[in-house]
Number of protein chains: 2
Amino acid sequence: MTEQLSHDPGPAADRAAGPSGVSRRGLLGLAIGAAGAAGLAIGASAGSAASIAARAAERDAAASPYEYFGTHQAGITTPVQDHLHFASFDMMARTDAADLQSLLKDWSYAASRMTQGLDVSATGAVGGSPEAPPDDTGEALGLAASGLTITFGFGPTLFEADGVDRFGIAALRPAGLEKLPPFLGDDLDPDKSGGDLCIQACADDPQVAVHAIRNLSRIAFGRAKLRWSQLGFGRTSRTTADQQTPRNLFGFKDGTANILADDAGALDEHVWVAASDQPAWMAGGSYLVARKIAMLIETWDRVRLSEQETIVGRTKGTGAPLSGGRETTDPDFTAKDAAGAPAIPVTSHVRLAHPDFNDGTRILRRGYNFVDGNNDLGRLDAGLFFLSFQRSPAQFTTLQKKLSTDAMREYIKHVGSGVWAVPPGAAKGSYVGAGLFA
Amino acid sequence: MTEQLSHDPGPAADRAAGPSGVSRRGLLGLAIGAAGAAGLAIGASAGSAASIAARAAERDAAASPYEYFGTHQAGITTPVQDHLHFASFDMMARTDAADLQSLLKDWSYAASRMTQGLDVSATGAVGGSPEAPPDDTGEALGLAASGLTITFGFGPTLFEADGVDRFGIAALRPAGLEKLPPFLGDDLDPDKSGGDLCIQACADDPQVAVHAIRNLSRIAFGRAKLRWSQLGFGRTSRTTADQQTPRNLFGFKDGTANILADDAGALDEHVWVAASDQPAWMAGGSYLVARKIAMLIETWDRVRLSEQETIVGRTKGTGAPLSGGRETTDPDFTAKDAAGAPAIPVTSHVRLAHPDFNDGTRILRRGYNFVDGNNDLGRLDAGLFFLSFQRSPAQFTTLQKKLSTDAMREYIKHVGSGVWAVPPGAAKGSYVGAGLFA
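Worth saying up front: this structure is predicted, and the values here are computed from it rather than measured.

1. Examining the overall build of chain A
Inference 1: Along the backbone of chain A there are eleven helices and nine strands.
Inference 2: When contacts within chain A are restricted to residue pairs at least 6 apart in sequence, those whose partners lie at least 24 apart make up 75%.
Inference 3: When the accessible area of chain A is evaluated, it comes to approximately 15,500 Å², of which 53% is carbon and sulfur surface.

As C-alpha cells, this is what we get:
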C-alpha cells in the first residue's frame, strides 16, 4: 500500500528548489506521467523558476491548503467547500494494468500539487519551453489553493466489465461494490451514470475546481476519457458544527443531521472502511454514491407552505422539526398535532431517512445544488447533485429503498447514478489506489 | 419616464415597518404584480414579520448591497461580481402592452428587494399564509445580498417580430437595435440566441444569482417564458482598477484594457446612450451584446506556448504586451522582434481589437467563463460567455468584423448571440422601461 514512486511527488520539494532551478523531482514526476500521456511537454528554463516560486507563494498566502496525502482522502470530512466539479471517466480500449497504474500515479502527483495551489507540474503554465505546449492550462495562475480537495474513486466496471477482467484486479473488487439496484422513481440516463473512475474536485473558487478536472482530464489523455461531469454550487450539507446549514433548491435547510467531521465514533461506524472489513486495500477508505436528482421546482413552488413542510418534516424558516424546538433539536416522532396525528408525518422525508427507522443507518452527505440551464418548456434544469460517503454502499441502498414512500418523490426524479470505492488516502511518496498493485 | 407606481417599491419601507406588521406598501406592490401573475400568494401574519425583519438585517449585515434605482442600471459599471446567471425570455402568445408593463413593474419591484438581500415580497419565503405557496422560493434565506445586481434588456423582437407590433412600441425601437449581422465563424444555435427580454443577474454567491433568475421567471408566469439561460463563473473582465485581471479558459488574462468604472469620459463616449442620441427613452441606457463562445480548449492546450502568445499578442504569465513592459503597459504596435517582424503580430487578438485599428472603438466587457459538462467525445463543453455594453451595437459589430482575421478564430466558435437595449435605471418610485409607456 505504500509502494514508492521513483520520485517524491510532494510539492514542498519544488517550492524549496528556489530560483536557481526547477526541482528535478518534479520534472521526473511529470516525465513518468508523460510517458503514457502524449501532449505533456517537459522542459524548464532557469529564468522561469523564480516566477513559479513567486506565484506559488502568492497562491498559498490567500488560503491554507488541505493536505493531499494522509490516512483518508481529503474531500470527505473536509468542511464542505462552496463549489464542485465532479467527473466520471472510462478507461479507454486497449489499456492495461500498467496504464491504470501510471494514470493513478500521475493523477496523484498532479493532485498533490494542485491542492497546494501549485501548477500541475514544476514547469506549469509558463515555465516550460516556449516551443512546447505548457503542462498546465493556466486559468488558475494567481488563484489561491481555495480549499481544493481532489478525491478519487473506482467504479465496479474498473474491476470487471462485461465479464472481462481488463486490469487483472477482479479478485480485488469489494463485494459490496456493484451497480446500485433500481429504485422506484429512477429515470436514469446511462450517459450520466456510472464510470470506471471518478474524481470529486471541491473548492471555494469554481475556477480552481474546473482547472483541476480539466488538467486531470488532460493528463488522462490516451488512457481514460471523460464520460460525464457535473458542476455544483451552494453546498447542501455541512461537515462541521460551525458551518451554517445551507438550503437546497426546495428552499429548505438540508443536512442538519449530517455526520460531522469531529464525530470520530460515527465516522468509524458509518463512513470509514475498517481494517477488519474486506478487502484489506480499502481499509481507511469509503464508498461514494452520486445521484443526480432533478427537482421539479416549478411544481414544488406551487405547493402551499404547510404541505411543503409536511413533506419535509421540518419548518421552512428555521429548519426545526415539526415536533418543535430549533433546527438542531432532535425530531420527536411520538409528538402529536392538535388533531392527534403525528406532528412529523410518517411519509415525511426526515422520518423516512432517520436512523431510528433504518436500524441506525447513517451516511455522510456532501451534495451540491445544480442548474444546467433550462428545458424547452422554459423550466430550469435544476436540482440536487447528491453525494454521500458510507462504509458500505448497502447503507445508501437501505435508505433509498425506504424513501420509496417519500412524499417528496412527486417532486424529484433521479436522472444520474454512480457508486465508487474510494480508497484510503495515499501515503507520502505513494499514490492513490496503490493497494490495487501491491 | 418616471411614471409613479401606486406604491413605493423601495425595500426601506418594509424594513422600517418593524415587528408590528408588514408594510402595506410592500403588500400592495406584490398585489399589483400578482394580478397578472397567477401563483403568487398574498397574506401575512404579524408573527412572521419579526422574523422577516430579523432575516433582512442578518442578510444586509454581510454585504453592502447595490442600489437598484438610479440614473443607470446597476450591473454595468458595478465591480464585476464572481458569478452570473443570465436569462433570455420571450413574451408569451396573446400578451399585450398591459402585460408587458405589469411584468416590468413586477420585475422592478422584485429586483429592488432582492438586490437589497430581501425576499421577493414582504411575505417572502415563509411569511405568508401556510395555506398558500410562498411568494419567495426560499433558497436565499439567510444569505447576504452578495453584491447582487439585476440588469434588464429589451431585444429587437420585443418591438417588432415577424412584422407585427405586438406591444404598440415599434415606433420606439432604437434604429441600431436589430439582430446582429452574421460573422465569419458563427455557428449559432437559434435556441440559445435572441429573446424579447433579457436579465443579467450577477452576484458573489451563485445561489443568490440563481435565486434571482428563478424568482423573476416565476413572476413572469403567464406573461413571459424563459427562452435560454446561462450560468457563468470566474469573471473574465474587471471594471475597477483595484480588481485583479482574471483569466479566461485559454489561461490568459482578459480585459486588461477594459473601460473602468471611474473613467467618466470613456463611459460617456463609449457606453452610455447620450440624451442627444435617439430614441430619447434610452438616454442613460446602453446596449448589451451576449455571445456564447465555445472554446476548443483541448486543441488550444496542444498549441505551443510561443504560438499561444503570438495569437493573443500578450505573454501568458504576466499579460504584458509582446512589445514589452508590464500588464498595464500600452502595446507598442511599431515594435519589432529580432527578425524585424512586428513584435505584436498583425493577426494577434490584442491588435485587431485595439481602438487604434478600429477608429477608436471601445466597449465595456463583462464576460464570464462557463463549463456546461462535456460532449460525447469526452471534451469539456466550455468557453467564454462574452458580455459587452456599448453606446451602440455598431461598436460591437465593428470590432467583431475586424476579428474575422483573428488568429484565435481557429480555437473558438460562436454558438449563441443576442443584443438588447438596456434602458436607463428606474427612478425611485418608477420601474425599468417606464419610458416605453410614457
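2. A few points about the interface of chain B and chain A
Inference 1: With 52 residues of chain B in contact, the opposing surface of chain A contributes 52 residues.
Inference 2: Between chain B and chain A lies a buried interface of about 4,200 Å² when both sides are counted; carbon and sulfur atoms form 58% of it.
Inference 3: The largest share of the area that chain B buries against chain A comes from B:Arg214, B:Asp301 and B:Leu305, three residues that together contribute 14% of it.
Inference 4: On the surface where chain B and chain A come into contact, there are four salt bridges.
Inference 5: When the shortest N-O distance is used, the salt bridge between A:Asp301 and B:Arg214 registers 2.8 Å.
Inference 6: At the junction of chain B and chain A, the tally comes to 28 residue pairs in polar contact (both at pLDDT 80 or more).
Inference 7: Listing elements by their share of the side of chain B that touches chain A, those giving two or more residues are strand 1 (83-91), helix 6 (206-219), strand 4 (224-235), helix 9 (305-312) and strand 7 (368-374) of chain B.
Inference 8: If you tally residues by element for the side of chain B that touches chain A, the top one is strand 4 of chain B, at eight residues.
Inference 9: Residue classes in the side of chain B that touches chain A are distributed as 22 nonpolar, 17 polar and 13 charged.

3. Some words on the packing of aromatic side chains
Inference 1: Scanning the entire structure with this criterion turns up 33 aromatic pairs over all chains.
Inference 2: Where A:Phe252 meets A:Trp300, the ring centres are 6.1 Å apart and the plane angle is 75°; that geometry is what we call edge-to-face. Here the residue A:Phe252 occupies a position in the loop between strand 4 (224-235) and helix 7 (264-270), and A:Trp300 occupies one in helix 8 (residues 297-300), the gap between them amounting to 48 residues.
Inference 3: Measuring from centroid to centroid gives 6.1 Å for B:Phe154 and B:Trp281, while their planes differ by 35°, and the two rings are tilted. Placement of B:Phe154 in strand 2 (residues 149-154) and of B:Trp281 in the loop between helix 7 (264-270) and strand 5 (286-295) is noted, with a sequence separation of 127 residues between them. The same class applies to B:Phe154 as to B:Trp281, namely buried.
Inference 4: One aromatic cluster is present, formed by B:Tyr68, B:Phe69, B:Phe89, B:Trp107 and B:Phe152 through successive ring pairs.

4. Describing the confidence of the model for chain A
Detailed reading of the predicted model is not advised wherever pLDDT is low.
Inference 1: Here chain A averages 87 in pLDDT, and 86% of its residues register 70 or above.
Inference 2: The model gives residues 1-62 of chain A a pLDDT under 50, and that stretch makes 123 contacts with residues more than four places away or in other chains.

5. Things to note about unusual backbone geometry
Inference 1: Cis geometry marks the peptide bond from A:Gln278 to A:Pro279, where omega comes out at -5°.
Inference 2: Note on placement: A:Pro279 falls in the loop between helix 7 and strand 5 (286-295).
Inference 3: The phi angle at B:Arg94 is positive, at roughly 65°, despite the residue not being glycine.
Inference 4: Mapped onto the fold, B:Arg94 is located in the loop between strand 1 and helix 4 (97-114).

6. Concerning the UniProt feature "domain: Dyp-type peroxidase C-terminal" (unreviewed entry) in chain A
Inference 1: According to UniProt, the feature "domain: Dyp-type peroxidase C-terminal" (unreviewed entry) maps to residues 245-426 of chain A in the numbering used here.
Inference 2: Regarding residues 245-426 of chain A, the helix share stands at 18% and the strand share at 23%, and the terminal C-alpha atoms are separated by 31 Å.

7. Points about the side chain of B:His211
Residue and element names in this part refer to chain B.
Inference 1: Relative to the helices and strands, His211 resides in helix 6.
Inference 2: Looking at His211, its side chain comes within polar contact range of the side chain of Asp136, at 2.9 Å.
Inference 3: Excluding its chain neighbours within four sequence positions, the residues that come into contact with His211 are Met114, Asp136, Thr137, Gly138, Glu139 and Ala140.

8. A word on the pattern of salt bridges
Inference 1: Tallying each qualifying case throughout the model produces 26 salt bridges over all chains.
Inference 2: Among the ionic pairs, A:Lys292 bridges to A:Asp372, the shortest N-O distance being 2.7 Å. A residue pair is termed long-range when its members are at least 10 positions apart, and A:Lys292 in strand 5 and A:Asp372 in strand 7 (residues 368-374) qualify at 80 residues.
Inference 3: Accessibility expressed as a relative area gives 35% for A:Asp372, which makes it partly exposed.
Inference 4: Of the charged contacts in the structure, one is a salt bridge between B:Asp196 and B:Arg166, with a shortest N-O distance of 3.1 Å.

9. A word on the UniProt feature "domain: Dyp-type peroxidase N-terminal" (unreviewed entry) in chain A
Inference 1: Per the UniProt record, "domain: Dyp-type peroxidase N-terminal" (unreviewed entry) is annotated on residues 73-233 of chain A.
Inference 2: The distance from the first to the last C-alpha atom of residues 73-233 of chain A is 21 Å, and the span holds 22% helix and 20% strand.

10. Quick look at the environment of B:Pro181
All names here are of chain B.
Inference 1: With respect to the helices, strands and loops of the structure, Pro181 is situated in the loop between helix 5 (156-159) and strand 3 (197-203).
Inference 2: By relative accessible area, Pro181 is classed as partly exposed at 29%.
Inference 3: Put simply, Pro181 and Lys401 are 220 residues apart on the chain and 9.5 Å apart in space, counted from C-alpha to C-alpha.
Inference 4: If we ignore the near neighbours within four places in the chain, the residues touching Pro181 are Asp186 and Thr397.

11. Side note on the environment of B:Val126
Residues and elements named next belong to chain B.
Inference 1: Among the secondary structure elements, Val126 is positioned in the loop between helix 4 and strand 2.
Inference 2: The exposure class of Val126 is buried, given its relative accessible area of 16%.
Inference 3: It is 7.8 Å that separates the C-alpha atoms of Val126 and Gly138, two residues lying twelve residues apart in sequence.

12. Points about the relation of the copies chain B and chain A
Inference 1: In screw terms, the move from chain B to chain A is a rotation of 180° and a rise of 0.0 Å along the axis, fitting with an RMSD of 0.0 Å. The two molecules are tied by a two-fold rotation axis, judged by turn and shift. For chain B, the smallest separation between a C-alpha atom and the rotation axis is recorded for B:Asp372, amounting to 3.5 Å.
Inference 2: The residues that chain B uses at the interface reappear at the interface of chain A in 100% of cases, marking a shared surface.

13. Remarks on the side chain of A:Thr149
Residues and elements named next belong to chain A.
Inference 1: Mapped onto the elements of the fold, Thr149 is located in strand 2 (residues 149-154).
Inference 2: For Thr149, a relative accessible area of 1% translates into the label buried.
Inference 3: Only 3.0 Å separates the side chain of Thr149 from the side chain of Gln81, close enough to count as a polar contact.
Inference 4: Those residues in contact with Thr149 that sit more than four places away from it in its chain are Tyr66, Ala74, Gly75, Thr78, Gln81, Thr115, Gln200, Ala201 and Cys202.

14. Some remarks on the packing of helix 4 of chain B against helix 6 of chain B
Residues and elements named next belong to chain B.
Inference 1: Two numbers describe how helix 4 lies on helix 6: the axes approach to 10 Å, and their chain directions differ by 155°. Here helix 6 runs roughly antiparallel to helix 4, going by the angle between their axes. Read as a crossing pair, helix 4 and helix 6 show a hand that is right-handed. Between helix 4, through Leu103, Asp106, Trp107, Ala110 and Met114, and helix 6, the contact on the second element is made entirely by His211, Ala212, Asn215, Leu216 and Ile219.
Inference 2: In terms of residue class, the contact of helix 4 with helix 6 is made up of seven nonpolar, two polar and one charged.

Conventions used here
- Residues numbered from 1 in each chain as written.
- Chains lettered and ligands numbered in written order.
- Predicted model: local features only at pLDDT ≥ 70, side-chain atom pairs only at ≥ 80, totals over all residues.
- Heavy atoms only, no water.
- Helix = DSSP H or I, 4+ residues; strand = E, 2+ residues; numbered from the N terminus.
- Contact = heavy atoms within 4.5 Å.
- Areas by Shrake-Rupley, 256 points an atom, 1.4 Å probe, with all protein chains shown as cover.
- Buried area = accessible area lost by both parts, 1.4 Å probe.
- Salt bridge = Lys/Arg side-chain N within 4 Å of Asp/Glu carboxyl O.
- Polar contact = N/O pair within 3.5 Å; in protein donor to acceptor, adjacent residues only side chain to side chain.
- Nonpolar A, V, L, I, M, F, W, Y, C, P; charged D, E, K, R; others polar.
- Phe/Tyr/Trp six-rings, centres within 6.5 Å; stacked < 30°, edge-to-face > 60°.
- Buried < 20%, exposed > 50% of the residue type's maximum accessible area, 1.4 Å probe, protein only.
- pLDDT = per-residue confidence, 0-100.
- UniProt positions renumbered as here; feature names shortened; annotations may be inferred.
- Least-squares fit on C-alpha atoms with pLDDT ≥ 70 in both.
- Axes fitted to C-alpha atoms, helices over the stretch in contact; angles between N-to-C directions.
- Parallel < 35°, antiparallel > 145°, perpendicular 65-115°, else oblique.
- Left-handed = near helix turned anticlockwise from the far one by under 90°.

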